[in-house]
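Tertiary structure, described
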Amino acid sequence: MPPHPTPGHATPADPYDTVLCVEELRDALAAHGITLPSLRADLPSFAGTSGGSKGLVALGNCNLDTARRLAAVLREAAGR
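Presented here is an overview of the structure given in this document. (Residues numbered from 1 in each chain as written. Predicted model: local features only at pLDDT ≥ 70, side-chain atom pairs only at ≥ 80, totals over all residues. Heavy atoms only, no water.)

**Quick look at the overall build of the chain**
To be explicit about the condition: Helix numbers and strand numbers start at the N terminus; a helix is a DSSP run of H or I with at least 4 residues, a strand a run of E with at least 2. Any two residues whose heavy atoms approach within 4.5 Å at even a single point are treated as in contact. Here the Shrake-Rupley method, with its probe set to 1.4 Å, supplies the accessible areas, and only the displayed protein chains count as covering residues.
Along the backbone of the chain there are two helices and two strands. Its helices and strands in sequence order give the chain the pattern α-β-β-α, from N to C terminus. A sequence separation of at least 24 residues applies to 49% of the contacts in the chain between residues at least 6 apart. Summed over all atoms, the accessible surface of the chain reaches about 5,900 Å², with 59% contributed by carbon and sulfur.

**Let's talk about a nonpolar patch on the surface**
Operational definition: By definition, no residue in a patch forms a salt bridge, and every one has over 30% relative accessible area; like charges are joined within 9 Å, nonpolar side chains (Val, Leu, Ile, Met, Phe, Trp, Tyr) within 5 Å. One speaks of a salt bridge when a side-chain nitrogen belonging to Lys or Arg is within 4 Å of a carboxyl oxygen belonging to Asp or Glu.
The grouping of Leu25, Val57 and Leu59 at the surface amounts to a nonpolar patch, some 210 Å² of accessible area in total. Mapped onto the elements of the fold, Leu59 is located in the loop between strand E2 (57-58) and helix H2 (64-77).

**Looking at the pattern of salt bridges**
Opposite charge on two side chains permits pairing when their charged atoms draw close. The cut-off we apply is this: Only protein chains enter the accessibility calculation, which uses a 1.4 Å probe. A residue is then buried if its area is under 20% of the maximum for its type, exposed if over 50%, and partly exposed in between.
Under the criterion given, the structure shown has two salt bridges. For the salt bridge of Glu23 with Arg26, the shortest nitrogen-to-oxygen distance reads 2.7 Å. With Glu23 and Arg26 both in helix H1 (residues 15-30) and three residues apart, the pair spans about one turn of that helix. Residue class for Arg26 comes out partly exposed when judged on its relative accessible area of 31%.

**A short note on the environment of Ala58**
Within the element layout of this structure, Ala58 appears in strand E2. Note on Ala58: relative accessible area 17%, which makes it buried. The spatial distance from the C-alpha of Ala58 to the C-alpha of Leu43 is 9.5 Å, given a sequence separation of 15 residues. The contacts of Ala58, once residues within four sequence positions are left out, are Ser38, Leu39, Arg40 and Asp42.

**Digging into the nonpolar core**
Operational definition: To qualify as a nonpolar core, a set must consist of buried Ala, Val, Leu, Ile, Met, Phe, Trp, Tyr and Cys residues joined through side-chain atoms within 4.5 Å.
By size, the foremost hydrophobic cluster in this structure holds seven residues: Val22, Leu29, Ile34, Leu36, Leu39, Ala41 and Val73. Leu39 has contacts with Val22, Leu25, Arg26, Leu29, Val57, Ala58 and Leu59, leaving out every residue within four places of it along the chain.

The structure is reproduced here in structure tokens:
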């Protein structure tokens, strides 16, 4: 897989890049036992744009248990 830009670095994406990013995020979440059922590439975000879109990833909805697990993993990763 090609290297990804650093956070905050704006680069145009194509739908394929966005789908790859979603899969990478899905795999990373799964490594922590987290599933976001509505996680997907928001392909309509590419419609009607000029100059290239950055693409959007729709994180979707999740239940409270999943949200708490995600918060716990993020806090742990941040060292708190």
